[in-house]
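Report on the structure
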Number of protein chains: 2
Amino acid sequence: MLRGDITAAIRNAVMHELAEVGYGRLSIEAVARRAGVGKTAVYRRWSNKLEMVLEIVSGVAERSVPMPDTGSFATDLQLTMFIVSKALQHRIASQIIPDLMAEAARNPKIAETLNKALRTHQTALSEKIVGQAIERGELPKGTDPELAVDLMLGPLYWRLAVLRTPVDDDYLEKVAASVMTSLGATPPAS
Amino acid sequence: MLRGDITAAIRNAVMHELAEVGYGRLSIEAVARRAGVGKTAVYRRWSNKLEMVLEIVSGVAERSVPMPDTGSFATDLQLTMFIVSKALQHRIASQIIPDLMAEAARNPKIAETLNKALRTHQTALSEKIVGQAIERGELPKGTDPELAVDLMLGPLYWRLAVLRTPVDDDYLEKVAASVMTSLGATPPAS
DNA sequence: CCACGACGCAACGGTTGCGTTTCGACGTTA
DNA sequence: TAACGTCGAAACGCAACCGTTGCGTCGTGG
């Protein structure tokens, strides 16, 4: 039986190596070195760098994806943006995500995995928020869910992952308010 | 005197290698191979992979940065978004930009260069557009230029560089309209 | 209590890239 | 035509990493 503590050490090492040197430069030797294990232990679990990274990354991404459903679009929106901003400001995640995104443009398997890990658990989720809001009458009937999601997540990603500017609650509120306005949302009943 | 045609061949090879394998995996040997020149020719011009890439990339980025100043915010906005969307849909640029962005998170020199090449020639430029619009009374006085830029470029970058979804004129208009609305812009005088 | 399996370590041959050096061919300039 | 500098090609020693193998140790399950 493979030892769980060693598997965990390797997973941890992979995430940190990914953050430090990126997928392109990631080497299994360095992973084993960092995890304090032999290369053998790594190859006993995965046969490839690609397979290893995909399994580990999707494993991390899949768990703990909260599901905002607060009953109103305004709070759903704010909560989602808050969660995403926290995730994109996480030291390691903020390095790994743009790196894998760039790599996905070259490697279809990475693209597919990221698709599953991020788009399914985030964009599709956001589209559900929009759908609910339309049903509740908080958003106009013709609202394009895709466009709405782009307006929500685009500025956040741009700010955090591209410009790497820290984001405070005040900024989040401004963006949220802008999204509400531009979508023609009915203000919360408060 | 260094031969210009060979320098050009190397520059071209670097851009294509960057697009295909990314900065992390880019090797000078491969560049020379692709350019059909000897490694000697490369090392005679630059001493590093880093130095070479920075010089070439900033050279490409610096030239031909048009300056939208059409006289109205609405058209400035549309023109800017059109130009940016064209740039981000360029086969090679759309691979290189996210890759270097991710690399910039690790390498301060790359970050600085990208800063100069993109932020100065694009964000600051966009901020000028917003400033002019405020002077003309097309935007409210308190408008935050940074926020405005984020709302303009964020969704575009998200769409094109992250999701890699093609963008048509219809989508561009929708985003532009959303930005106008959320900023409380005065509609064009037409 | 014993065998099995996972462990680390070290070494294997092979590949790739580094940055440098040497060589002969070529073309320009003087 | 003679000197100079760039050119491609090839090889240099060095380092890193690949994926595999053999070894001796240690812990656990049967």
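Residues numbered from 1 in each chain as written. Chains lettered and ligands numbered in written order. Predicted model: local features only at pLDDT ≥ 70, side-chain atom pairs only at ≥ 80, totals over all residues. Heavy atoms only, no water.

Considering the domain arrangement of chain A
Residue and element names in this part refer to chain A. When the domains of chain A are assigned, the result is domain 1 (4–53) and domain 2 (64–183). Computed from C-alpha coordinates alone, the two centres of domain 1 and domain 2 are separated by 30 Å. Overall, the association of domain 1 and domain 2 removes approximately 730 Å² of surface from exposure, summing both partners, and the carbon and sulfur fraction of that is 76%. For the pair domain 1 and domain 2, the number of links is 1 residue pair in polar contact (both at pLDDT 80 or more). It is helix α1 (residues 4–25) that provides the largest number of residues to the side of domain 1 that touches domain 2, a total of 7 residues. Of the residues belonging to the side of domain 1 that touches domain 2, the class tally is 5 nonpolar, 3 polar and no charged. (Domains from an automatic or database assignment. Buried area = accessible area lost by both parts, 1.4 Å probe. Polar contact = N/O pair within 3.5 Å; in protein donor to acceptor, adjacent residues only side chain to side chain. Helix = DSSP H or I, 4+ residues; strand = E, 2+ residues; numbered from the N terminus. Nonpolar A, V, L, I, M, F, W, Y, C, P; charged D, E, K, R; others polar.)

Notes on the protein's contact with DNA strand C
Near DNA strand C, the surroundings consist of 17 residues, among which A:T40, A:R44, A:R45, B:K39 and B:Y43 are the closest. Of what DNA strand C places within 4 Å of the protein, 68% of the atoms are sugar or phosphate. A:G38 is positioned such that a nitrogen or oxygen atom in its backbone is 3.1 Å from a phosphate oxygen of DNA strand C. At 2.8 Å from a phosphate oxygen of DNA strand C is found a side-chain nitrogen or oxygen belonging to B:Y43. Among the elements of the structure, α3 (39–43) of chain A together with α2 (28–35) and α3 (39–43) of chain B are those that each provide at least two residues to the surface near DNA strand C. (Near = heavy atom within 4 Å.)

Some words on the environment of B:F73
Position of B:F73 among the secondary structure elements: in helix α5 (residues 73–89). When the C-alpha positions of B:F73 and B:M180 are compared, they lie 8.9 Å apart, and in sequence the two are 107 residues distant.

Topic: the packing of α5(B) against helix α7 (residues 108–136) of chain B
Residues and elements named next belong to chain B. α7 packs onto α5 with a crossing angle of 165° between their chain directions and a minimal axis gap of 10 Å. Put simply, α5 runs roughly antiparallel to α7. By crossing handedness, the relation of α5 to α7 is classed as left-handed. Here α5 contributes F73, D76, T80 and V84 to the contact with α7, which in turn contributes Q122, S126, I129, V130, Q132, A133 and R136. (Axes fitted to C-alpha atoms, helices over the stretch in contact; angles between N-to-C directions. Parallel < 35°, antiparallel > 145°, perpendicular 65-115°, else oblique. Left-handed = near helix turned anticlockwise from the far one by under 90°. Contact = heavy atoms within 4.5 Å.)

Comments concerning a negative patch on the surface
Negative charge collects at one region of the surface, where A:D168, A:D169, A:D170 and A:E173 lie side by side. Of note, A:D169 is situated in helix α9 (residues 169–183). (Patch = residues over 30% accessible without salt bridge, like charges linked within 9 Å, V, L, I, M, F, W, Y side chains within 5 Å. Areas by Shrake-Rupley, 256 points an atom, 1.4 Å probe, with all protein chains shown as cover. Salt bridge = Lys/Arg side-chain N within 4 Å of Asp/Glu carboxyl O. Lys, Arg positive; Asp, Glu negative; His and termini not counted. Charge placed at Lys NZ, Arg CZ, Asp CG, Glu CD.)

A word on the interface of chain A and chain B
A common way to express how large an interface is: the accessible area buried when the components associate. On the chain B side, the residues contacting the 38 residues of chain A number 38 residues. Of the roughly 3,400 Å² buried between chain A and chain B on both sides combined, carbon and sulfur atoms contribute 57%. The three residues of chain A that bury the most area against chain B are A:R106, A:D150 and A:W158, which together make up 20% of that side's buried surface. The interface formed by chain A and chain B includes 8 salt bridges. Residue B:E146 is joined to A:R159 by a salt bridge in which the shortest nitrogen-to-oxygen separation is 2.2 Å. Where chain A packs against chain B, one counts 16 residue pairs in polar contact (both at pLDDT 80 or more). Residue assignment for the side of chain A that touches chain B shows that the elements contributing at least two residues are α1, α6 (91–104), α7 (108–136), α8 (145–163) and α9 of chain A. Among the elements that make up the side of chain A that touches chain B, the one with the highest residue count is α8(A) (12 residues). In terms of residue class, the side of chain A that touches chain B is made up of 18 nonpolar, 8 polar and 12 charged.

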